[in-house]
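# Close look at the chain arrangement
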Amino acid sequence: MSDISDKPWTGTRKILFRLVFTYVMLYCFGFPIYFFPYGHTLIHPIGSQLQDLAIWIGYHVFGIMEEIPASETGSGDTLIYWLLWATKSMLAILVTLVWSALDRRRPSYVFLNNFLITYVRYYVALILFSYGMAKVIPTQFIEPSYTQLMKTYGESSPMNLLWTLMGFSTPYQIFGGIMEVLAAVFLLFRRTVLLGALVMITVMTNVVAMNYAFDVPVKLASTHYLIFSIGLAMLFKKNLLALFFLRKTSEPVILPPLFKQRKTFIGSQVFKAVFLLYFGFTTVSGNLDYFNSIKERGFSAPLAGIYEVKQIYIDSDSSTMISSKLPMKMMIFDNQRPERLTIIFGDDKKVRYSASFDQENQALSALLPSDSTNSLDMLYHVDKNGKLLLKGIFKQDSLRLELEKIPIDSLLLVNRKFHWISPAPFNR
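Residues numbered from 1 in each chain as written. Predicted model: local features only at pLDDT ≥ 70, side-chain atom pairs only at ≥ 80, totals over all residues. Heavy atoms only, no water.

Note: strand β1 (residues 305-313) against strand β8 (residues 397-406), 7 bridges, orientation antiparallel. From the neighbouring strand, Tyr 307 faces β8, where its bridge partner is Lys 405. In this sheet, β8 lies alongside strand β7 (residues 388-394) in antiparallel orientation, the contact comprising 7 bridges. Note that in β8 the partner of Lys 391 across the bridge is Arg 400. Following β7, the chain reverses through 2 residues before pairing antiparallel with β8; Lys 395 in that reversal takes a positive phi of roughly 55 degrees. (Pairing = 2+ DSSP bridges. Helix = DSSP H or I, 4+ residues; strand = E, 2+ residues; numbered from the N terminus.)

What follows concerns the packing of aromatic side chains. By the definition in use, this model includes 32 aromatic pairs. For the ring pair Tyr 123 and Tyr 225, a centre distance of 6.2 Å and an interplane angle of 55 degrees mean the geometry is tilted. Taken together, the residues Tyr 123 in helix α4 (residues 110-136) and Tyr 225 in helix α9 (residues 219-234) connect sequence positions 102 residues apart. A residue is classified by how much of its surface remains accessible, and Tyr 123, at 5% relative accessible area, is buried. Between Phe 275 and Phe 279, the aromatic rings sit 6.3 Å apart at their centres with planes inclined by 25 degrees, giving stacked as the arrangement. Of the two residues, Phe 275 and Phe 279 are both situated in helix α11 (residues 262-299); the distance of 4 residues between them amounts to about one turn of the helix. Over the aromatic face of Trp 9 sits the side chain of Arg 13, whose NZ or CZ is 4.1 Å from the ring centroid. The ring centre of Tyr 313 lies 4.2 Å from the NZ or CZ of Arg 400, which sits over that ring. (Phe/Tyr/Trp six-rings, centres within 6.5 Å; stacked < 30°, edge-to-face > 60°. Buried < 20%, exposed > 50% of the residue type's maximum accessible area, 1.4 Å probe, protein only. Lys NZ or Arg CZ within 6 Å of the ring centre and 35° of its normal.)

In this structure, strand β3 (residues 340-345) lies alongside strand β4 (residues 350-358), joined through 5 bridges in antiparallel fashion. Bridged to Arg 340 within β4 is Ser 354. With antiparallel pairing between neighbouring strands as the criterion, β3 and β4 make up a hairpin whose turn holds 4 residues, including Asp 348 at a positive phi of roughly 70 degrees. Sheet topology note: the β4/strand β5 (residues 363-368) ladder contains 5 bridges and is antiparallel. By the bridge assignment for β5, Ser 356 is matched with Ser 365. The antiparallel hairpin formed by β4 and β5 contains 4 residues in its connecting segment, where Gln 362 sits at a positive phi of about 50 degrees.

A separate point is the sheet that holds β8. The strand order around the closed barrel formed by 8 strands is β1-β2-β3-β4-β5-β6-β7-β8, and the pairing between neighbours is antiparallel. Pairwise comparison of adjacent strand axes, ignoring direction, gives a mean angle of 30 degrees for this sheet. (Axes fitted to C-alpha atoms, helices over the stretch in contact; angles between N-to-C directions.)

All chains considered together, the criterion is met by 8 salt bridges. Taking the shortest distance from any N to any O, the salt bridge between Lys 219 and Asp 77 comes out at 3.6 Å. Linking Lys 219 in helix α9 with Asp 77 in the loop between α2 (39-60) and α3 (79-102), this pair joins segments that are 142 residues apart in sequence. Neither residue differs from the other here; Lys 219 and Asp 77 are each classed as buried. The salt bridge partner of Asp 215 is Lys 219, with a shortest N-O separation of 3.0 Å. Residues joined in a network through salt bridges with shared partners are Asp 77, Asp 215 and Lys 219. (Salt bridge = Lys/Arg side-chain N within 4 Å of Asp/Glu carboxyl O.)

Further remarks concern the confidence of the model for the protein. Taken residue by residue, the protein gives an average pLDDT of 91. The fraction at 70 or more is 96%. Per-element confidence in the protein is highest for α3, whose mean pLDDT is 97, and lowest for helix α10 (residues 237-246), whose mean pLDDT is 88. (pLDDT = per-residue confidence, 0-100.)

This part is about the nonpolar core. Core analysis: the biggest nonpolar cluster contains 52 residues, and Tyr 123, Val 124, Leu 187, Met 200, Met 204, Phe 228 and Leu 232 have the highest contact counts within it. Among the elements of the structure, α1 (11-27), α3, α4, α7 (170-187), α8 (193-213), α9 and α11 are those that each provide at least two residues to this core. Examining the composition of this core, we find that 13 residues originate from one element, α4, more than from any other. Apart from the residues within four sequence positions on either side, Val 124 is in contact with Leu 187, Met 200, Phe 228 and Leu 232. Counting residues in each nonpolar core, the second largest holds 25 residues, with Phe 345, Ala 366, Leu 376 and Leu 401 among its members. (Core = buried A, V, L, I, M, F, W, Y, C linked by side-chain atoms within 4.5 Å. Contact = heavy atoms within 4.5 Å.)

Structure follows, in structure tokens:
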């Protein structure tokens, strides 16, 4: 993606363009078809063939001996994704060689160059808009749950630590989202491409740094977004060189429209407007629906809270109390995932159970997925003093428990608010 010119290109430039064009088309395969209804159905057959080819290359070219899983896990850095990247890179080189052999006499690729610039602009803009709106409407990083608040730093993975940081500070998350959305909007218009590219480089450099520093498995994709934004900025390299290093004025670079005939140009602008309205509406509404579902999950959690175990009675119908060190310290009923119950035992071991509630009968059932004998079936009741009373069977023992809810505001991370005036650093 270099400066647009009607002059004949050098042989080297033509070869590099063929390579870049082919690679971008292969890497961004399916865009923007998959944004349309049933778009994934249309591109799935080709995508499946590419995936099969990547697996074959993994076995026969890279000598991978173990099975190569191809199912989606939420990670963008799985083995199959890296093999797809390697496969597309090889295909790009192969296509470039064949293309160069068959099309040596063409003086330039002006239209394809304009198309490539437009394609990359919209690709990174729509991707960035999606990520940005997931922060403006805070759904990518949600507030730390009760379970997360009781986890120690040492128990957190680097990615979980980053997610907690971003989820805790909603204003910072929204600020980051606004910057991503701004960069995306600037990239959608030819007159503001340079501004959009510079903003995107700034934003994506930070994102890529965090992905590598905190081991977030979006390294492959985010690195490409950064490279694409640098490529867009390089269209204006003479202007940037004159502005930042030579202190000279320079003629503005005007990106020409992809279609120059009036009817075709107007038609493309109408399509652009309709598509962007559709994409913007579906993106915003999707994030709003997810945001509301998060809130609804919190409201539907019957016992949401952090409870300290005060008393344990050996028999559910007796007053015989365990007088030694309590085998249970705390119970955490998650506010964001009602199906999650975490019990902290006397040795500080945390065990996560899968829980279900029968609110009509005020019954609680919990099971350790890896051990069917480690289960809990109890009736619950909250008395007038706010104490949680549990009565029933836990690990085949008949127990009665009294628990006291810990106010969330008593946690320093929650009650420490913003201060204009700070007499000393509050770093505890």
